[in-house]
Amino acid sequence: IDELDLIWHMDDEDRTIVAIEETNWLFQFDDELPLSLNSSIFIPRHKIHRVIKGTENLKLKITKHID
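Since this is a predicted model, take the numbers as computed values, not measurements.

## What to know about the layout of surface pockets
One number sums up the size of the largest pocket: a volume of about 240 Å³. Lining the largest pocket are 15 residues, and of these Asp-5, His-9, Val-51, Leu-60 and Ile-62 lie nearest its centre. Listed by contribution, the elements that provide at least two residues to the lining of the largest pocket are strand E1 (14-19), strand E5 (49-52) and strand E6 (60-65). Its residues assigned to classes, the lining of the largest pocket shows ten nonpolar, two polar and three charged.

Right under this line is the structure:
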């Protein structure tokens, strides 16, 4: 994976993400503790966040919520 994909960023639309397979990767909102990607996570638009790399491959389902 390109390390630039793992930096702090924000998106222009609301999204929901969930891992397709069990994983040890983590998700983190700015100023919050990391969360497991094994549960569904709703990401509000323009909220700063990042993904923290685990030891295996990561497969995500990403749903964009467009108004």
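## Points about the pattern of salt bridges
Applying the stated criterion to the full structure yields four salt bridges. The shortest N-O distance in the salt bridge between Glu-13 and Arg-15 comes to 2.7 Å. A salt bridge links Glu-21 to Lys-59; its shortest N-O distance comes to 3.6 Å. Here Glu-21, found in the loop between E1 and strand E2 (26-29), pairs with Lys-59, found in the loop between E5 and E6; they are 38 residues apart in sequence, far enough to count as distant. Judged by relative accessible area, which is 43%, Glu-21 ranks as partly exposed.

## Re the packing of aromatic side chains
With the rule as written, the count across this model stands at one aromatic pair. Ring centres of Phe-27 and Phe-29 lie 4.8 Å apart, and the angle between their planes is 85°; this geometry places the pair in the edge-to-face category. In this structure Phe-27 comes out as buried when scored by relative accessible area, which is 1%. Exposure remark for Phe-29: the relative accessible area of 7% places this residue in the buried category. Above the face of the Phe-29 ring, Lys-47 is positioned so that its terminal group lies 4.6 Å from the ring centre.

## Quick word on the sheet that holds E1
Pairing is antiparallel across the open sheet formed by three strands, whose spatial order is E4-E1-E6. With partners counted over all chains shown, the strands left at the sheet margins are strand E4 (41-43) and E6, one partner each. The mean inter-strand angle of the sheet, taken between neighbouring strand axes irrespective of direction, is 20°. Judged from the three bridges that link them, E1 and E4 form a sheet pairing that is antiparallel. The partner of Thr-16 across the bridge, within E4, is Phe-42.

Rules of the game
Residues numbered from 1 in each chain as written. Predicted model: local features only at pLDDT ≥ 70, side-chain atom pairs only at ≥ 80, totals over all residues. Heavy atoms only, no water. 1 Å grid on protein atoms, 1.4 Å probe; cavity = no way out; pocket = protein on both sides within 12 Å on 5 of 7 lines; lining within 4 Å. Points joined across faces, edges and corners; volume = space filled by probe spheres on them. Helix = DSSP H or I, 4+ residues; strand = E, 2+ residues; numbered from the N terminus. Nonpolar A, V, L, I, M, F, W, Y, C, P; charged D, E, K, R; others polar. Salt bridge = Lys/Arg side-chain N within 4 Å of Asp/Glu carboxyl O. Buried < 20%, exposed > 50% of the residue type's maximum accessible area, 1.4 Å probe, protein only. Phe/Tyr/Trp six-rings, centres within 6.5 Å; stacked < 30°, edge-to-face > 60°. Lys NZ or Arg CZ within 6 Å of the ring centre and 35° of its normal. Pairing = 2+ DSSP bridges. Axes fitted to C-alpha atoms, helices over the stretch in contact; angles between N-to-C directions.

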